[in-house]
Amino acid sequence: MRSKGSIVTEAVARTVMTTAVFCLAWISPALAVDTSKVYASGILVTIFLGVCALIVVAQMVPALMLLMGAIKALFSGKARKEAAVPVDTRGESA
């Protein structure tokens, strides 16, 4: 059997939830996007956007290849080679 306090708490929660749903349902049409405007650009705009997308994709291919090479080098177990320091063998001092 439920206590009187839990019944009141459930009623208050139900009232709050119902109020929130009604408020959101009332507000949401105001936030909706206006669909009365139709895409009416010409074929040249579409071609321009396609060329822009092609340039972006073409730039991503070498970038991804470089990233994959860097990741492969990072996780490979090979030791790094130290760069050789040039030594002056002529005996001249600075």
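Residues numbered from 1 in each chain as written. Predicted model: local features only at pLDDT ≥ 70, side-chain atom pairs only at ≥ 80, totals over all residues. Heavy atoms only, no water.

> Help me understand the overall build of the protein, please; the structure alone is not making it clear to me.
On a plain count of helices and strands, the protein comes out with two helices and zero strands. Relative to its full complement of 94 residues, the protein shows a buried share of 0%. In the structure as shown, the protein presents an accessible area of about 9500 Å², 72% of it carried by carbon and sulfur atoms. (Helix = DSSP H or I, 4+ residues; strand = E, 2+ residues; numbered from the N terminus. Buried < 20%, exposed > 50% of the residue type's maximum accessible area, 1.4 Å probe, protein only. Areas by Shrake-Rupley, 256 points an atom, 1.4 Å probe, with all protein chains shown as cover.)

> How should I be thinking about a nonpolar patch on the surface in this particular structure?
Among the surface-exposed residues, Val56, Met60, Leu64, Leu67, Met68, Ile71, Leu74 and Phe75 lie close enough to one another that they form a single nonpolar patch of about 840 Å² accessible area. One can find Leu64 in helix 2 (residues 43-75). (Patch = residues over 30% accessible without salt bridge, like charges linked within 9 Å, V, L, I, M, F, W, Y side chains within 5 Å. Salt bridge = Lys/Arg side-chain N within 4 Å of Asp/Glu carboxyl O.)

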